[in-house]
Amino acid sequence: MVRSPRDANPDPKPKPNPNPKPNPKQVELADQEDLLGDEHPETLNAKTAYASLLRSKAADVPQMAKAVQLFSEVLDERRVKQGPTDPTTRSAMNNLAAAKYTQGELEEAKELYREVREGREEVLGVHHPDTLATTASLGQVLRAKGENRAAAIMLRATLEGRRATLGPSAEPTVRSI
């Protein structure tokens, strides 16, 4: 009886690549950590970039969990080094909120987005693009939680703010409709 190569190995599994190519963002992060230390602002920027890349692959649960961990570490460091009201701290909090939302951790995302929105509103104003983007994100979380009345208020505020500052035909305004 002649056996084919397939018969010899009835359960072929792909063999792991013995020399996987490292992710450039991961290499950049490791280089920054080695060169500048874990707490340096440029290291935190590299960590954010790597976490954002991992978050973009949301279907991969372990990578999403790693992204949340990295965003959380960046937020903790930014709170200590820059303080809770610094724009970079608020951006870090916004990134963590987005990752929590992607993970389905809606209550945590809601609280983070609320804090970011309140801070941005206080410093930047109600109609600043960053404030409006966070208001829209908060509205999406509220809608996902089934808090439709609160979601409608946030999403309406986003639309009205974008109309007032960007005009009715601007791309962000149109996306808000």
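Residues numbered from 1 in each chain as written. Predicted model: local features only at pLDDT ≥ 70, side-chain atom pairs only at ≥ 80, totals over all residues. Heavy atoms only, no water.

Visitor: When you look at the packing of helix H6 (residues 106-124) against helix H7 (residues 129-144) in this model, what are you seeing that I'm missing?
Guide: Two quantities define a packed helix pair, namely the angle between the helix axes and the distance between the axes. With their axes 9 Å apart at the nearest point, H6 and H7 run at an angle of 155 degrees to one another. Viewed along their axes, H6 and H7 adopt a mutual orientation that is roughly antiparallel. Relative to H7, H6 is oriented so that their crossing is left-handed. Judged by residue contacts, Leu106, Ala109, Lys110, Tyr113, Arg114, Val116, Arg117, Arg120, Glu121 and Leu124 of H6 engage Asp130, Thr131, Thr134, Thr135, Ser137, Leu138, Val141, Leu142 and Ala144 from H7. In terms of residue class, the contact of H6 with H7 is built from nine nonpolar, four polar and six charged. (Axes fitted to C-alpha atoms, helices over the stretch in contact; angles between N-to-C directions. Helix = DSSP H or I, 4+ residues; strand = E, 2+ residues; numbered from the N terminus. Parallel < 35°, antiparallel > 145°, perpendicular 65-115°, else oblique. Left-handed = near helix turned anticlockwise from the far one by under 90°. Contact = heavy atoms within 4.5 Å. Nonpolar A, V, L, I, M, F, W, Y, C, P; charged D, E, K, R; others polar.)

Visitor: For this particular structure, what's the right way to read the pattern of salt bridges?
Guide: Working definition: two side chains of opposite charge can pair if their charged atoms are close together. Under the definition given, this model contains nine salt bridges. Across the pair Lys47 and Glu73 runs a salt bridge, and its minimum N-O distance is 2.9 Å. Remark: Glu73 occurs in helix H4 (residues 61-81) and Lys47 occurs in helix H3 (residues 41-55); sequence separation between them is 26 residues. Glu147 is the salt-bridge partner of Lys110, the closest N and O atoms lying 3.3 Å from each other. Of the two residues, Lys110 is situated in helix H6 and Glu147 in the loop between H7 and helix H8 (148-166); the sequence distance between them amounts to 37 residues. Where salt bridges share partners, they join Glu107, Lys110, Lys145 and Glu147 into one cluster. (Salt bridge = Lys/Arg side-chain N within 4 Å of Asp/Glu carboxyl O.)

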